[in-house]
Amino acid sequence: MSAKILDGKKLAEEVRAEVKKGVDAFVARHGRAPGLSVLLVGEDPASQVYTRNKEKMAKEVSMNGALYRLPLETTEAELLSWIDKLNRDDAVDGILVQLPLPKQIDSEKVLDAIDPKKDVDGFHPVNAGLLSSGRASLTPCTPRGCMKLLELAGAKLEGARAVVVGRSNIVGKPLAQLLLAKNATVTIAHSRTKDLAAVCREADILIAAVGKAEMIRGDFVKPGATVIDVGINRIDAPELGAGKTRLVCDVAYAEALTVAGAITPVPGGVGPLTIACLLENTLIAATARTSQ
Ligand code: NDP
């Protein structure tokens, strides 16, 4: 048996096409495009790629995407004043601060300063609280993308056993809340979980959001389960040449492929959906702000 491969790239294109239609309708109604402002502090190479893509994709769906590059030595007070400015700018509907931030800046303080109505990353405690209370909120983009992939897989969530490996505020916890809202029976596993393999083997829906290369082996997977792999890990790849690296996920893909019912590929699984959901969140935020 070989699992159904969940094409995140194609699904993300479909989500972006829907967002584009929504943006066109928003422009016709309000005479302006939804605005997404991205703040990047420093020159971390991965963050530079992510933020450039966010700005580019925002423009592709006709949003007003702006990327502000601030120097590495930016102080916390300076960043907070940028956020204050964007909070008060009526043409800005979504604010995203790219993480990680340099060590002189307290990330929590910065994320807490974003107006929750413009918090398109869904990391503000107000939005996290609304999500865990089962109320409408801006929800984090990667977990939303995972839910879309589960829908694509045709996975039945009601009554299903779902195991989320990883309990971060940006992926594991919000994803567990979204699964719970769909009436799955949810277990959150983490670094202190005993016999992780046995816990995972109970899962009809298995989500890996750990950040450890191929730690979820094929024999962790229940036959027929739907497997969503969020992890991105860079490992040495001497076979590609001296000093070369390659990206691998948290699940040993080739092994899991023969056991799972459906699985996300590497690359082209969860990754493309994260940005598509960010654009969707920006449209949701813009629509909510203009209908108040
Ligand atoms: P964090 O480092 O914040 O969290 C990792 C989680 O994994 C923690 O809860 C940790 O447990 C748990 N963990 C660590 N080791 C083990 C272990 N041996 N067994 C079980 N659980 C373990 O990571 P993120 O949630 O931010 O990201 C997870 C992965 O997803 C990363 O690879 C990241 O790059 C990727 N990612 C991908 C995105 C995408 O768009 N595709 C977006 C965001 C993240 P504990 O809490 O006990 O320490």
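Residues numbered from 1 in each chain as written. Predicted model: local features only at pLDDT ≥ 70, side-chain atom pairs only at ≥ 80, totals over all residues. Heavy atoms only, no water.

### Things to note about the overall build of the protein
Then comes step 1: For the protein, the count of helices and strands is 10 helices and 11 strands.
Then comes step 2: For a compact globule of 292 residues, the expected C-alpha radius of gyration is about 19 Å, and the protein comes in at 19 Å, within 12% of that figure.
Then comes step 3: Dimensions of the protein, computed from the C-alpha atoms along their principal axes, are close to 55 × 45 × 35 Å.
Then comes step 4: By residue count, 48% of the 292 residues in the protein fall in the buried class.
Then comes step 5: Across the protein, the fraction of contacts at a sequence separation of at least 24, relative to all contacts at a separation of at least 6, is 68%.
Then comes step 6: For the protein, the exposed surface amounts to about 14,100 Å²; the carbon and sulfur share of it is 53%. (Helix = DSSP H or I, 4+ residues; strand = E, 2+ residues; numbered from the N terminus. Rg over C-alpha atoms; globule rule 2.2 N^0.38 Å. Buried < 20%, exposed > 50% of the residue type's maximum accessible area, 1.4 Å probe, protein only. Contact = heavy atoms within 4.5 Å. Areas by Shrake-Rupley, 256 points an atom, 1.4 Å probe, with all protein chains shown as cover.)

### Brief notes about the packing of helix 1 (residues 8–30) against helix 6 (residues 141–153)
Then comes step 1: The interhelical angle for the contact between helix 1 and helix 6, taken along N-to-C directions, is 110 degrees, at an axis separation of 11 Å. Taken together, the axes of helix 1 and helix 6 lie roughly perpendicular to each other. Here Gly 8, Leu 11 and Val 15 of helix 1 come into contact with helix 6, specifically with Lys 148, Leu 149 and Leu 152. (Axes fitted to C-alpha atoms, helices over the stretch in contact; angles between N-to-C directions. Parallel < 35°, antiparallel > 145°, perpendicular 65-115°, else oblique.)

### Let's talk about the layout of surface pockets
Then comes step 1: Within this model, the largest pocket holds a volume of roughly 1,500 Å³.
Then comes step 2: Residue lining of the largest pocket: 47 residues in total, with Tyr 50, Thr 142, Ile 232, Gly 271 and Thr 274 positioned closest to the centre.
Then comes step 3: Mapped by element, the contributors of at least two residues to the lining of the largest pocket are helix 1, helix 2 (45–60), strand 4 (94–97), helix 6, strand 10 (245–248) and helix 10 (271–290).
Then comes step 4: Element by element, the count of residues in the lining of the largest pocket is highest for helix 2, at seven residues.
Then comes step 5: Of the residues contributing to the lining of the largest pocket, the split by class is 28 nonpolar, 11 polar and eight charged.
Then comes step 6: It is helix 5 (residues 125–132) that contributes the most residues to the lining of the second largest pocket, five residues altogether.
Then comes step 7: In terms of residue class, the lining of the second largest pocket is built from 10 nonpolar, seven polar and three charged. (1 Å grid on protein atoms, 1.4 Å probe; cavity = no way out; pocket = protein on both sides within 12 Å on 5 of 7 lines; lining within 4 Å. Points joined across faces, edges and corners; volume = space filled by probe spheres on them. Nonpolar A, V, L, I, M, F, W, Y, C, P; charged D, E, K, R; others polar.)

### Considering the sheet that holds strand 3 (residues 64–70)
Then comes step 1: One open sheet holds the three strands; their spatial order is 3-2-4, and the pairing between them is parallel. In this open sheet, the two strands that pair with only one neighbour each are strand 3 and strand 4. Across the sheet, the mean angle from the axis of one strand to that of its neighbour is 15 degrees, orientation sign disregarded.
Then comes step 2: Here strand 2 (residues 35–41) pairs with strand 3 via seven bridges, running parallel. The residue bridging Gly 35 from the neighbouring strand is Asn 64, located in strand 3.
Then comes step 3: This element, helix 2, spans strand 2, strand 3 and strand 4 of the sheet and lies at about 160 degrees to strand 3.
Then comes step 4: Running at roughly 130 degrees to strand 2, helix 10 makes contact with strand 2 and strand 4 of the sheet. (Pairing = 2+ DSSP bridges.)

### So, the site of the ligand
Then comes step 1: In the vicinity of the ligand there are 21 residues, among which Arg 167, Ser 168, Ser 191, Ile 232 and Thr 274 approach most closely.
Then comes step 2: The contact in question runs from an oxygen atom of the ligand to an N or O atom on the side chain of Ser 168, over 2.5 Å.
Then comes step 3: Within the backbone of His 190, one N or O atom sits 3.5 Å away from a nitrogen atom of the ligand.
Then comes step 4: For the ligand, the accessible surface in isolation is 920 Å², of which the surrounding protein chains cover 70%.
Then comes step 5: Looking at side-chain class alone, the shell around the ligand contains nine nonpolar, 10 polar and two charged residues. (Near = heavy atom within 4 Å. Polar contact = N/O pair within 3.5 Å; in protein donor to acceptor, adjacent residues only side chain to side chain.)

### A few points about the nonpolar core
Then comes step 1: Membership of the largest hydrophobic core comes to 51 residues, with the highest contact counts inside it found for Leu 150 and Leu 179.
Then comes step 2: Listing elements by their share of this core, those giving two or more residues are helix 1, strand 2, helix 2, helix 6, strand 5 (161–165), helix 7 (172–181), strand 7 (205–208) and helix 10.
Then comes step 3: For this core, the element with the most residues is helix 10, which contributes nine residues.
Then comes step 4: Look past the residues within four positions of Leu 150 in its chain and what remains in contact with it is Ala 155, Leu 157, Leu 179, Ile 205, Ile 207, Thr 226 and Ile 228.
Then comes step 5: Membership of the second largest hydrophobic core comes to 21 residues, among which are Val 163, Val 221, Ala 256 and Ile 263. (Core = buried A, V, L, I, M, F, W, Y, C linked by side-chain atoms within 4.5 Å.)

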